[in-house]
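# Chains, contacts and geometry: an overview
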Amino acid sequence: MQLMKEISGPLDPECDCYTCKNYTRAYIRHLVKTNEILGIRLLSIHNLRFLTNLMEKVKIEIENDNLGKFRDEFYQKYGYTQ
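So, here's what we can say about the structure. The residue count restarts for each chain, going from 1 along the sequence in the order it is written. Given that this is a predicted model, residues contribute local features only at a pLDDT of at least 70 and side-chain atom pairs are listed and counted only at 80 or more, while totals for whole chains, interfaces and linings are drawn from all residues. Excluded from the side-chain calculations are hydrogens and water; all other atoms, namely the structure's heavy atoms, are used.

A separate point is the side chain of H46. Note on conventions: DSSP H or I runs of at least 4 residues are helices, E runs of at least 2 residues are strands, and numbering of each starts at the N terminus. Mapping H46 onto the fold places it in helix α4 (residues 37-63). For H46, a relative accessible area of 10% gives the class buried. The contact partners of H46, leaving out residues within four places of it in the chain, are L11, D12, C15, C17, T19 and C20. The rule is simple: take the accessible area with a 1.4 Å probe, protein chains only, and divide by the maximum for that residue type; under 20% is buried, over 50% is exposed, in between is partly exposed. Here, two residues are considered to be in contact whenever any of their heavy atoms come within 4.5 Å of each other.

The phi angle at N35 is positive, at roughly 60°, despite the residue not being glycine. The phi dihedral of D65 is positive, around 55°, even though this residue is not glycine. Tracing the chain through its elements places D65 in the loop between α4 and α5 (67-77).

Turning our attention to the packing of aromatic side chains. Only rings of Phe, Tyr and Trp enter the pairing, Trp through its six-membered ring, and a pair is recorded when the two centres are within 6.5 Å. The plane angle decides the type: under 30 degrees is stacked, over 60 is edge-to-face, the rest tilted. The tally for this structure, following the rule as stated, stands at eight aromatic pairs. Taken together through their ring pairs, the aromatic side chains of F50, F70, F74, Y75, Y78 and Y80 make up a single cluster.

We define a salt bridge as a contact between a side-chain nitrogen of Lys or Arg and a carboxyl oxygen of Asp or Glu at a distance within 4 Å. Evaluation of the coordinates by the stated rule reveals four salt bridges. The partner of K77 in a salt bridge is E14, with the nearest N and O atoms 2.4 Å apart. With K77 in helix α5 and E14 in the loop between α1 (4-8) and α2 (18-22), the pair connects residues that are 63 residues apart, well separated along the chain. Across the pair R71 and D72 runs a salt bridge whose closest N-O atoms are separated by 3.1 Å. In this structure R71 comes out as partly exposed when scored by relative accessible area, which is 38%. Accessibility expressed as a relative area gives 43% for D72, which makes it partly exposed.

Moving on: the environment of R49. Among the secondary structure elements, R49 is positioned in helix α4. A residue is classified by how much of its surface remains accessible, and R49, at 26% relative accessible area, is partly exposed. For the pair R49 and T34, spaced 15 residues apart in the sequence, the C-alpha separation amounts to 24 Å. Ignoring sequence-local partners within four residues, the contact set of R49 consists of C15, D16, C17 and E56. In protein, a polar contact requires one atom able to donate a hydrogen and another able to accept it; more generally it is a pair of N or O atoms within 3.5 Å, and residues adjacent in sequence count only if both atoms are side-chain atoms. Within the structure, the side chain of R49 is placed 3.0 Å from the side chain of D16, a separation counted as a polar contact.

What follows is the structure, encoded as C-alpha cells:
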C-alpha cells in the first residue's frame, strides 16, 4: 500500500496543468475508481499538457543538437530501460 504522502500531492509536482494545480492524486484516484467521468477528463488534461511540454522540449533539444542527451535523461527520470 502506498504511503498517504505519496498520493496526497499532485500527479506531477513539476507540471503546470490545471489538473496538477487543482487536484490531488488521491482525489483523482478516487474519481477513477468510482468511474466518475471527471477523473478521466482530469487525466486527459494532464496527459495532453505533458505531451505538449515534452514536444516543446524535444523541439528545443533538436535545435540545440542535444536530443540524445535529453532522451537519456528522460528515460532515467521516468524509469524507462532499453
